[in-house]
Amino acid sequence: RRITRGGDIILFRPPSALQEIIRNTGGGTIDRNQLFVKRIVGLPGDTDIRMEDATQEVYINNNKVVGPALGRSLCKDEPLRLIDKLLNNYGYGKSITELKSDETYVLGDCKDVSVDSRIFGTLPKKNIVGKPIARVW
């Protein structure tokens, strides 16, 4: 089974844009071997990717992206609203015309605190290393 299917949860190495954002915000550097976990919601050829600023909802191909976190309020009380600052200062993925053949768009399941494609833009397929096999909580 291919890894890059819509809805797949993936492990990936940080894209260069995320490394740049972390450096610019005083966070130092990310180890290139560090892995991140997100859900693929946009695939090559998907168009009109945009985020509504008021709700932070993402639309792809003119359809609202719906994931398992719909209606989840687990993270709504994040007091510092750091995600808002990152979206305002960076937001590389807030408006993309079309995903290229080597690009995906990923979102975290808890969008109120997730640093994902809304902030760092597209994720190159070459950064995807696999899928998680277990979750330890």
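Every residue gets a number counted from 1 within its own chain, in the order that chain's sequence is written. Confidence filtering applies because this is a predicted model: local features only for residues at pLDDT of at least 70, side-chain atom pairs given and counted only at 80 or more, and all residues used for totals across whole chains, interfaces and linings. Calculation of side-chain values draws on the structure's entire complement of heavy atoms; hydrogens and water are dropped beforehand.

Trainee: Teacher, can you tell me more about the sheet that holds strand 2 (residues 36-42) here?
Mentor: The strands making up a sheet associate through backbone hydrogen bonding, with each pair oriented either parallel or antiparallel. Only strands joined by at least two bridges in the DSSP assignment are considered to pair. Only DSSP runs of H or I reaching four residues or more are called helices, and only runs of E reaching two or more are called strands; each is numbered from the N terminus. Pairing within the open sheet is antiparallel, and its five strands lie in the order 8-7-2-1-9. Two strands close off the open sheet at either side, each with one partner strand: strand 8 (123-124) and strand 9 (128-130). In terms of strand pairing, strand 7 (residues 103-107) meets strand 8 through two bridges, oriented antiparallel. Pairing of glutamate 103 across the sheet is with proline 124, part of strand 8.

Trainee: I tried to follow the pattern of salt bridges on my own but got confused; where do I start?
Mentor: One side chain can pair with another of opposite charge once the charged atoms of both are near each other. Any Lys or Arg side-chain nitrogen located within 4 Å of an Asp or Glu carboxyl oxygen qualifies as a salt bridge. Taken as a whole, this structure holds five salt bridges when the rule is applied. Among the salt bridges present, the one from aspartate 8 reaches lysine 131, with a minimum N-O distance of 3.9 Å. Here aspartate 8, found in the segment before strand 1 (9-12), pairs with lysine 131, found in the segment after strand 9; they are 123 residues apart in sequence, far enough to count as distant. Here aspartate 109 ties to arginine 39 by a salt bridge, and the two come within 2.9 Å at their closest N and O atoms. One end of the pair, aspartate 109, is in the loop between strand 7 and helix 3 (117-120); the other, arginine 39, is in strand 2, with 70 residues separating them in the sequence. Given the relative accessible area of 26%, aspartate 109 is considered partly exposed. Only protein chains enter the calculation, and the probe is 1.4 Å; a residue is then buried if its accessible area is under 20% of its type maximum, exposed if over 50%, and partly exposed in between.

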